[in-house]
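# Residue-level structural notes
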Amino acid sequence: MSSVNTAIQLITREQAEQGTANGSTCSPALAKGPWDYDLAEALAGKPAYGPGASSADVAPPETPRQGQLPDEYKRASDEELDVRIRAAKATLGDRAVILGHFYQRDEVVQYADFLGDSFQLANAALTKPDAEAIIFCGVHFMAETADVLSTPEQAVILPNLAAGCSMADMADEDSVEECWEQLTEIFGKDPDDDGRVPIIPVTYMNSSAALKAFCGRNGGIVCTSSNAKVVLEWAFERGQRVLFFPDQHLGRNTAKSLGVPLEQMPMWNPRKELGGNDEQSLLDSRVILWHGFCSVHKRFNVGQIEKARLDFPGVNVIVHPECPMEVVDAADSAGSTDFIQKAIAAATEPTTFAIGTEINMVNRLAAEYPQHTIFCLDPVICPCSTMYRIHPGYLAWVLEELVAGRIVNRITVDAAVQDNAKIALERMLAARPI
Ligand code: CIZ
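Residues numbered from 1 in each chain as written. Predicted model: local features only at pLDDT ≥ 70, side-chain atom pairs only at ≥ 80, totals over all residues. Heavy atoms only, no water.

Threshold: UniProt positions are given in the numbering used here, feature names are shortened, and annotations may be inferred rather than shown by experiment.
As annotated in an unreviewed UniProt entry, the protein carries the name Quinolinate synthase and comes from Arthrobacter ulcerisalmonis. Per its UniProt entry, the protein bears the Pathway (unreviewed entry) comment "Cofactor biosynthesis; NAD(+) biosynthesis; quinolinate from iminoaspartate: step 1/1." In the Function (unreviewed entry) part of its UniProt record, the protein is described as follows: "Catalyzes the condensation of iminoaspartate with dihydroxyacetone phosphate to form quinolinate."

### Here's the deal with the sheet that holds strand β9 (residues 287-290)
The cut-off we apply is this: Strand pairing requires that DSSP identify at least two bridges connecting the strands. In this text, helices come from DSSP runs of H or I with a minimum length of four residues, and strands from runs of E with a minimum of two, each type numbered from the N-terminal end. Every residue pair with non-hydrogen atoms within 4.5 Å of one another is taken to be in contact. Axes here refer to lines fitted to C-alpha atoms; in helices the fit is confined to the stretch in contact. Angles between the N-to-C directions go from 0 to 180 degrees.
Spatially, 5 strands are ordered β6-β5-β7-β9-β8 in an open sheet, and the strand pairing comes out parallel. Two strands in the sheet have a free side with no partner beyond their single neighbour: β6 (221-223) and β8 (267-268). Bridge count for strand β7 (residues 242-245) against β9 is 3 bridges, and the pairing is parallel. Each residue of the ladder has a partner; that of Phe244, found in β9, is Leu289. Those strands touched by helix α10 (residues 209-217) are β5 (200-204), β6 and β7, and its axis lies near 155 degrees from that of β5.

### A word on the state of the cysteines
Our working rule: For this text, the term disulfide refers to a pair of cysteine sulfurs within 2.5 Å. Type-normalised accessible area, obtained with a 1.4 Å probe on protein chains alone, sets the label of each residue: buried when under 20%, exposed when over 50%, and partly exposed for intermediate values.
By the definition in use, this model includes 1 disulfide. One disulfide bridge connects Cys26 with Cys382, the sulfur atoms lying 2.2 Å from each other. Here the S-S torsion is close to 85 degrees, and the disulfide linking Cys26 with Cys382 is therefore right-handed. Of the two residues, Cys26 sits in the loop between α1 (4-18) and α2 (34-44) while Cys382 sits in the loop between β13 (373-376) and α18 (392-403), which places them 356 residues apart along the sequence. Accessibility expressed as a relative area gives 34% for Cys26, which makes it partly exposed.

### Section: the side chain of Thr145
Following the sequence through the fold, Thr145 ends up in helix α7 (residues 140-149). Excluding residues that lie within four positions of it along the chain, Thr145 makes contacts with Ala122, Met205, Lys212 and Leu425.

### Quick look at unusual backbone geometry
The peptide bond linking Phe245 to Pro246 adopts the cis configuration, its omega dihedral lying at -5 degrees. Despite not being glycine, Leu274 shows a phi value in the positive range, around 50 degrees. Within the secondary structure layout, Leu274 lies in the loop between β8 and α13 (279-283).

### Focus: the pattern of salt bridges
In plain terms, the rule: Criterion for a salt bridge: a side-chain nitrogen of Lys or Arg within 4 Å of a carboxyl oxygen of Asp or Glu.
One pass over the structure, following the stated rule, counts 17 salt bridges. One salt bridge in this structure joins Lys89 and Asp113, with 2.8 Å as the shortest N-O distance. Pair noted here: Lys89 is in helix α4 (residues 78-92) and Asp113 is in the loop between α5 (106-109) and β2 (114-116), with a separation of 24 residues, a long-range link. Taking relative accessible area as the criterion, Asp113 reaches 37% and is therefore assigned partly exposed. The residue Glu401 makes a salt bridge to Arg406 at a minimum N-O spacing of 2.6 Å. Judged by its relative accessible area of 14%, Glu401 is buried. A relative accessible area of 45% places Arg406 in the partly exposed class. A network of salt bridges, in which partner residues are shared, links Glu72, Glu80, Arg84 and Glu400.

And the structure:
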């Protein structure tokens, strides 16, 4: 099976040459090198992509910008980059560890020492205490988490600083602080007769370190898509209600699975007074959902599942819990990337799987398990476009800089933020099913 990048190149070439194409992609611009977007953005004076772009926000001024990749890496052929990356990696040996996220493109994943989800990768880096550099081929919040969990001597490097996560950017620290202030005014701070505080903040792993620290400071906790249920149970033991950010879908799907009625899950829109709610609905709430979403997972719909069931009777539909509730309800099961991978690995008979998650991961599973038929529910090729900015050119550059004794694109989380973020992460690790 060809890589997602190769498929996108083909679609855009056919489209240009014949006006039609075999297949479609959500963004033909992905066929260009990421540096072309950087340039377009600079010329337009606003982000055409990147932190803030997909939520129609203006990127905050401190948003990291890439843009300094030397021309030699932009001009290098795929073959030349391959030779240079392998040579630099061999020279660095154990001094550097390369982490590749499940959603990363194949052209980069082939050089990774570890492949996994964000939390597995941060933990994998811990098994390499001698590595001076941790090169995270994922997105910004993942590199931040790795920095929080790694030793101060280790440098975490994000090969392209423009690789943000649009969902993470939908909840910025100021808006969450403002929301918290308004909620505290309504609920007060006093615990009820059972000792439960009025509200507990829960942040998804896909959030800035600043928000993880906010949770650490305010009696809150972090969750991943693997443990969101256990974490919500932890929070309900200690609080009357939860403020869940940034992903409304993971929050809704998880709370629903715990029996929380939809009427008790108001949505908080940070652009509106009281998040767009009246005071009574907030008082009656059990989970207040932040108005955030993943641009890839929100593309999945029930029509795609119905079509898969018609085309492939007996198909096993597995979707990620970042998908909308109707999609999760219509699927056979829902779970994290780790859950999806394990479900496929556990199938002993040849099975047809329709998967609702990012296309790079789905295609990789299809290649790894040829005994099964595995396809993505979304027929349009639409990768995680921010993750996609880690082109091999950036990887070659950061590695060769390391060989030359220079660290570029280091992600450093402020010490106070680290301490509080760690508290929220440690609470997550200690949370157990009840
Ligand atoms: O935590 C991760 O890496 C993501 C983005 C999702 C998942 O389910 O693993």
